[in-house]
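Structure at a glance
Next come the chains, spelled out residue by residue.
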Amino acid sequence: MPSANRQQPTVNSQTSSPGGFRGLIGQERAARVLQRGLKTGRTAHAYLFAGPEGVGKRTAALALAQALNCQRGDAVDDGCSACQSCRKIARGLHPDVQVVEPDGATLKIDQVRALGADAALRPYEGKRKVFILQGAEKMTEQAANALLKTLEEPPGWTVVVLLTITPSALPLTIVSRCQTVIFSAIASDALQAYLVATGIDHTQARLIVSCSGGSIGRALSPEVVSLGSSRDLFLEELGRGLRDGPAALIDLAERLAKDREGLRQNLEFLSAWLRDLMVAKVSRRQEWLINQDRGEEVAQQAEGLPLNAILDSLRVVNGTMDGLTRNANPRLSLEDLLLQLRASVSTGLLQVSA
Amino acid sequence: MHIRISRDELYSGVGPIQAVVETKRSLPILSHLLLEASSNRLSVFGTDLDVGVRKRLDGEVLKEGSIALSARKLYEIIRELPAATVELNVDADLTATITCGKSEFRMKGLPRDDFPSMRESKEGGILLERRLFRDMIRRTVFAVSSDQTRYTLNGILFRVTQKDAKMVATDGHRLAITTHDGDLLKDRKPVEAIIPRKAATEALKLLKEEPGEVEIEAGENHLLLSSDNTLIDARLIEGQFPNYEQVIPTMATKQVTIDRDALLAGLRRTSTIIGERTIPTTMEFKPGQLLLSCVNLDLGEARERLDVEYQQEEMTVGFNARYILDFLSVVEAGQVTMHLQDALSPALFRAKDDKRYTCVIMPMRI
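What you see is a predicted model, and the numbers here were worked out from it, not measured in a lab.

Rules used throughout
Residues numbered from 1 in each chain as written. Chains lettered and ligands numbered in written order. Predicted model: local features only at pLDDT ≥ 70, side-chain atom pairs only at ≥ 80, totals over all residues. Heavy atoms only, no water. Helix = DSSP H or I, 4+ residues; strand = E, 2+ residues; numbered from the N terminus. Buried < 20%, exposed > 50% of the residue type's maximum accessible area, 1.4 Å probe, protein only. Contact = heavy atoms within 4.5 Å. Areas by Shrake-Rupley, 256 points an atom, 1.4 Å probe, with all protein chains shown as cover. Core = buried A, V, L, I, M, F, W, Y, C linked by side-chain atoms within 4.5 Å. Domains from an automatic or database assignment. Buried area = accessible area lost by both parts, 1.4 Å probe. Salt bridge = Lys/Arg side-chain N within 4 Å of Asp/Glu carboxyl O. Nonpolar A, V, L, I, M, F, W, Y, C, P; charged D, E, K, R; others polar. Pairing = 2+ DSSP bridges. Axes fitted to C-alpha atoms, helices over the stretch in contact; angles between N-to-C directions. Polar contact = N/O pair within 3.5 Å; in protein donor to acceptor, adjacent residues only side chain to side chain. Phe/Tyr/Trp six-rings, centres within 6.5 Å; stacked < 30°, edge-to-face > 60°. Lys NZ or Arg CZ within 6 Å of the ring centre and 35° of its normal.

This next bit is on the overall build of chain A. Counting secondary structure elements, chain A contains 15 helices and five strands. Judged by the C-alpha coordinates and their principal axes, chain A covers about 70 × 40 × 30 Å. Evaluated residue by residue, chain A yields a buried proportion of 52% over its 354 residues. Expressed as a percentage of contacts within chain A between residues at least 6 apart in sequence, the contacts between residues at least 24 apart total 75%. On chain A, roughly 15,800 Å² of surface is accessible, and the fraction owed to carbon and sulfur atoms is 52%.

On to the nonpolar core. The nonpolar side chains of a soluble globular protein tend to be buried with one another. With 98 residues, the main nonpolar core has Leu42, Phe133, Leu263, Phe285 and Phe319 of chain B as its most contacted residues. Here Leu42 of chain B is in contact with Met1, Ile3, Ile5, Leu10, Leu35, Glu36, Ala37, Lys55, Arg56 and Leu57 of chain B, once residues within four sequence places are set aside. Residues Leu24, Ala61, Leu267 and Leu270 of chain A belong to the second largest nonpolar core, which totals 76 residues.

On to the domain arrangement of chain B, then. Quoted interface sizes are often the accessible area lost when the parts come together. All names here are of chain B. The domain boundaries assigned to chain B delineate domain 1 (2–114), domain 2 (126–244) and domain 3 (248–361). Domain 2 and domain 3 are separated by 28 Å when their C-alpha centres are compared. With 13 residues of domain 2 at the contact, the number on the domain 3 side is 12 residues. Between domain 2 and domain 3, the buried area comes to about 1,300 Å², and carbon and sulfur atoms account for 50% of it. The closest approach of N and O atoms between Glu332 and Arg138, which form a salt bridge, is 3.4 Å. For the side of domain 2 that touches domain 3, the secondary structure elements donating two or more residues are α3 (130–140) and β13 (174–181). For the side of domain 2 that touches domain 3, the element with the most residues is β13, which contributes seven residues. Each residue belonging to the side of domain 2 that touches domain 3 can be placed in one class, and the counts come to five nonpolar, three polar and five charged.

Looking now at the sheet that holds strand β23 (residues 335–340) of chain B. Residue and element names in this part refer to chain B. As summarised here, the arrangement of the eight strands in space is β14-β11-β12-β13-β25-β24-β23-β18, forming an open sheet in which the pairing is antiparallel. Across the chains shown, the open sheet's two edge strands, defined by having one partner strand only, are β14 (191–196) and β18 (254–259). Adjacent strand axes in the sheet meet at a mean angle of 20°, parallel and antiparallel pairs treated alike. In terms of strand pairing, β18 meets β23 through six bridges, oriented antiparallel. Bridge pairing in β23 links Ile258 to Val336. Where helix α4 (residues 197–206) meets the sheet, its contacts fall on β11 (155–160) and β14, and the angle it forms with β14 comes to roughly 85°.

So, about the interface of chain B and chain A. In this complex, chain B contributes 26 residues to the contact, which on the side of chain A involves 29 residues. Interface area for chain B against chain A, summed over the two sides, is near 2,400 Å², with a carbon-plus-sulfur share of 47%. Of all residues in chain B, Leu27, Arg235 and Glu238 of chain B bury the most surface against chain A, accounting for 26% of the area lost on that side. Inspection of the region where chain B meets chain A yields four salt bridges. Arg91 of chain A is the salt-bridge partner of Asp114 of chain B, the closest N and O atoms lying 3.0 Å from each other. Where chain B meets chain A, there are 13 residue pairs in polar contact (both at pLDDT 80 or more). Of all the secondary-structure elements, those providing two or more residues to the side of chain B that touches chain A are β3 (41–47) and β17 (230–235) of chain B.

Moving on to the packing of aromatic side chains. Counted according to the given criterion, the structure contains 10 aromatic pairs over all chains. Centre to centre, the rings of Phe319 of chain B and Phe349 of chain B are 5.8 Å apart; their planes meet at 80°, and the pair counts as edge-to-face. Highlighted residues: Phe319 of chain B in strand β22 (residues 315–319) and Phe349 of chain B in strand β24 (residues 347–351), separated in sequence by 30 residues. Of the residues examined, Phe319 of chain B reaches a relative accessible area of 1% and is grouped as buried. By the ring-pair criterion, three or more aromatic residues cluster together here, those being Phe319, Phe327, Phe349 and Tyr357 of chain B. Here the guanidinium or amino end of Arg7 of chain B rests over the ring plane of Tyr11 of chain B, the centre of that ring lying 4.5 Å away. Its end group placed over the ring of Tyr124 of chain A, Arg119 of chain B keeps NZ or CZ at 5.5 Å from the ring centre.

Here it is, written out as structure tokens:
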């Protein structure tokens, strides 16, 4: 039976970090809400952490588990990261702290039942039992109904934390039984400061921040190393398409649409580049650019383009990104986008090398 | 860590404990056994977090220490070893070397700190005769509910007061209560704990039937049972057991006395006609007689006539035969009594003249 998956160290729960609320970046508001509850001993029995991917929901949930179980004392507002309990939680070895992840595409009723059976038992060695349901919006209807039972009559000592990127996809019956804590996208400054502090070069950090949409998970994903070259690759390809005419663009749209995850990033590259053109056009301030490593090309291109063309393109790109989050057909949206770009910035954005 | 121990001793410890260990859990260390050597004892501990078992084994400890080793593999290795002395040596980077006769095995282990902590008996607990404790479990465990939504019913209530010790289990359709009179507490705190079914059945398996005592210590979250060299650590069910006393019928004045073996055999025979779906077994009481019948519309019907001691007016009640069979199979007495009120009220089952064990069974509509 697919039972609860214990948390495994992943990219976004940085193994070097001992956890705790101190390890949470740019979520002061959420942390304040949770820590106030901890300090006064008034924690809810069920929380709903809602916010975009990779902004620290899981880190916060683990920090909550650490604080609730910290051996240093009761009613502490943060784990000490040093006691055995805090260390076990950070390493995913604590018997009373479980992270349940979707089994395949959905969170299944068996997983929720296993959680319920475990919740009925007293804690093994900790003070409170914490169940963290990652991707709560992926619960099947049956799973959600089974969870309701646990949420309605929560056995003492149990805290359930639901993590979700789309709270609207959860049944209202679930949401109304949880205390909702909103996690917002991490502010660019905070994210950039963090990246610089981890030893990433300033220019690179700026580019990463602009492409990660306030998500520390994405900012720390392994792809960021090659961010600069992926950007160049994409912009060159786009340039080639614009040069070769509509047929090539339609072909390109089809290829781009196939890779959904890459698509978002490519559009972010495009949006950041156009934004830089706009900045260069009106201010000529190099330090304001996102693509500082390509400052010269940006300045040069901005020379040759009218501001209106840049603004139009930017609007079209942002419109497409917006449409895609609302489930627009990627291929059609892209064809439309590329053909409109051809009208405004026919010269392409980056010099085609070959 | 370095120890010398006889193969049979090691096998007797590892065998039963590895059966408790669960490999399906995703906390990987739970598939391991924790071995700890100190002062001429080797302790072996395994747990699936619901039930943990530790055994102390006699061995020669050359160097104290600990290691967690894969339960399955360790068991398989020891099972195949010849009956000779086994030497277990663990080096600094947690590699265990097992030598026995001409065989040698090397296995990677995990550190002790990663293992869920092991409970220790603190104050000592109440003492109960082992056979009696087993009997109390056997007489109640079948009535434990498997309905996960009412989790407090998923275990046996174990309540010890100054005047008696009780075990109670119910699934809403039937209830089993067994009582042992006498003060077991001897000035200790009263015990009230819900023991999960799994822990109860493991205790039945692990506690030997031979005479002896079991020491029971109920903590806030755990129940510790220790007997000889075995310690069972059961995580308790959270919550309040329902008030069972109010379902024990007080108006059941019609009394029937039946030969236990005859009723058992009769119900077994009539039950053969029952298919997959539960259908009631009709019990028709007449003065001096009980008529059992079972009608399965798809298959046919079965009838059985029993001689009983019954003096009141005729009445007919339907029961789930399974429930009565469960009761009969744990009763040793030669005669059992049923106390009835009417066709829709719960009936009380007891061994004749024995109030220490009671089953209450709800009738079925016929």
